[in-house]
Amino acid sequence: MDMIIRPRRLRNGSTLRKMVRETRMDKSSLIYPMFVREGENIREEIPTMPGQYRYSVDQMPYKLEELLKAGVDKVMFFGIPDHKDACGSGAYAQDGIVQKAFRKAKEEFPQMYLIGDVCMCEYTSHGHCGILRGEYVDNDKTLEYLAKIALSQVQAGADMVAPSDMMDGRIAAIRNMLDKNGCLETPIMSYAVKYASAFYGPFRDAAGSAPAFGDRKSYQMDYHNVREGVKEALLDMEEGADIIMVKPALSYLDVIARVKETIDLPVAAYGVSGEYALIKAGAALGYVDEDAIVCEMAASVYRAGTDIFLTYYAEKIAQFMDEGRIG
Ligand code: PBG
């Protein structure tokens, strides 16, 4: 057969395949999202996210140790308070749940990089991501609260804040507040391109943060759109965001690629609760091979262009990187 170009030549044996890999990734880009709750001696499994737990602050260190051992040294905290009210006051309370988690983690694990999700939906009685005016989330009023929440997290020990509320102007509001208070060096990772997604379902069970009425479509993005995502990312960059996040990840690989191409900032992608739950359920039924799926899914998110990956599978992915299965 007279054939000069044979693509299979480079697929012969794992040494060669690894040499010509187009996508490289390593553990330093992994962030593990973690739920912390009030109470003591609690480590309760989240029914819709098997293998994921809500930790009381005293139990949290065991998990942080495990993560560090696996080589994952970045976590993002979500607080689950005991009491909720209309203005989400637990989100910025000095002794709020997430503030307590930051203080303890900072003190006991100085080598861990701590990130705070800045939002109100876990803390409001109505479950929306801001302050209500009637049934509408009041954008500008909410900004004052988000700025307060971000500052309180940084003062408690957060190394970085990540606003996920999708209000307009929140990056500028948070940046101003942090700068006024001397936190010039604290980066903001913006959930800039966040879609209104059914993939957040299990998270809302985990955090008890489903909206009591309506939905989040007046602030989170319509999943038909990608240009709008670029616009959100550009706006946040102008307002001072340091990292741009796309969320969810797996159904939005095209969006990750577009943002990567157009925005000159590090890009993060969040493999959300529903993505995790689907793989877990499929694997439990014996329909798919969990480990193989996790490797393929992780590689695809990096291949699309993400620099940073937030995932409930962080530990497993770190292990697969160590084993050379991916990376
Ligand atoms: C808070 C927030 C949500 C998630 C991250 N931050 C829930 C939502 O917007 O409803 C989802 C994370 C996940 O599904 O894993 N607003």
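Sequence order as written defines the numbering, with residues in each chain counted from 1. The predicted origin of the model limits local features to residues at a pLDDT of at least 70 and limits the giving and counting of side-chain atom pairs to 80 or more, whereas totals for whole chains, interfaces and linings rest on all residues. The side-chain figures draw on all heavy atoms in the structure; neither hydrogens nor water molecules are used.

Draft legend 1. Representation of the overall build of the protein. When its secondary structure is counted, the protein shows eleven helices and twelve strands. Over its C-alpha atoms, taken along the principal directions, the protein stretches across nearly 75 × 45 × 40 Å. When a residue's accessible area, from a 1.4 Å probe over protein chains only, is under 20% of the maximum for its type it is buried; when over 50% it is exposed; and in between it is partly exposed. Expressed as a percentage of its 327 residues, the buried residues of the protein come to 55%. Long-range contacts, defined as pairs at least 24 residues apart, comprise 73% of the intrachain contacts of the protein with a sequence gap of at least 6. The helix count covers DSSP runs of H or I at least four residues long, the strand count covers runs of E at least two residues long, and both are numbered beginning at the N terminus. Contacts are assigned to residue pairs that have any heavy atoms within 4.5 Å of one another.

Draft legend 2. Looking closely at the site of the ligand. Whether a residue is near a molecule or strand depends on its heavy atoms: if one lies within 4 Å, it is near. What surrounds the ligand is a group of 20 residues, the closest being Lys-194, Arg-204, Lys-247, Ser-273 and Tyr-312. Counted as a polar contact is a pair of N or O atoms within 3.5 Å, where, for protein atoms, one must be capable of donating a hydrogen and the other of accepting one, and residues adjacent in sequence contribute only when both atoms are in side chains. The separation between an oxygen atom of the ligand and a polar side-chain atom of Arg-204 is 2.7 Å. At a separation of 2.6 Å, an oxygen atom of the ligand approaches a polar side-chain atom of Tyr-312. Using a 1.4 Å probe, the Shrake-Rupley method yields the accessible areas, and only the shown protein chains count as cover for residues. Within the complex, 100% of the 400 Å² of free accessible area of the ligand lies under protein.

Draft legend 3. Spatial organisation of the nonpolar core. Residues grouped as a nonpolar core are buried Ala, Val, Leu, Ile, Met, Phe, Trp, Tyr and Cys residues, joined through side-chain atoms within 4.5 Å. Among the nonpolar cores identified, the biggest contains 110 residues, and Met-60, Phe-77, Met-189 and Val-193 are the most heavily contacted of them. The greatest single-element share of this core, amounting to nine residues, is contributed by helix α4 (residues 139-156). For Met-189, the contacting residues outside a window of four places in its chain are Ile-31, Ile-115, Met-160, Val-161, Ala-162, Pro-163, Ile-243, Met-245, Ala-268 and Leu-310.

Draft legend 4. Just the pairing of strand β9 (residues 189-194), in detail. The buried fraction of β9 amounts to six of the six residues, a majority that puts the element mostly inside the structure. For two strands to pair, DSSP has to find at least two bridges joining them. By the bridge criterion, four bridges tie β9 to strand β10 (residues 243-247) in an arrangement that is parallel. Bridge pairing in β10 places Val-193 opposite Val-246.

Draft legend 5. Quick peek at the packing of helix α9 (residues 273-284) against helix α10 (residues 290-304). The contact between α9 and α10 brings their axes to 9 Å, and the two run at 155 degrees. Taken together, the axes of α9 and α10 lie roughly antiparallel to each other. The hand of the α9/α10 crossing is right-handed. Here Ile-279, Lys-280 and Ala-283 of α9 lie close against α10, whose contacting residues are Glu-290, Ile-293, Val-294 and Met-297. Each residue gets one of three labels, nonpolar for Ala, Val, Leu, Ile, Met, Phe, Trp, Tyr, Cys and Pro, charged for Asp, Glu, Lys and Arg, and polar for the others, Gly among them. A breakdown of the residues in the contact of α9 with α10 according to their chemical character gives five nonpolar, no polar and two charged. To get an axis, fit a line to the C-alpha atoms, keeping to the stretch in contact for a helix; angles then go from 0 to 180 degrees between the N-to-C directions. Every angle not falling under 35 degrees, over 145, or within 65 to 115 is termed oblique; those three ranges are roughly parallel, roughly antiparallel and roughly perpendicular. In this scheme the handedness of a crossing depends on how the near helix is turned from the far one: anticlockwise by less than a right angle means left-handed, clockwise means right-handed.

None of this, on its own, says anything about what the molecule does.
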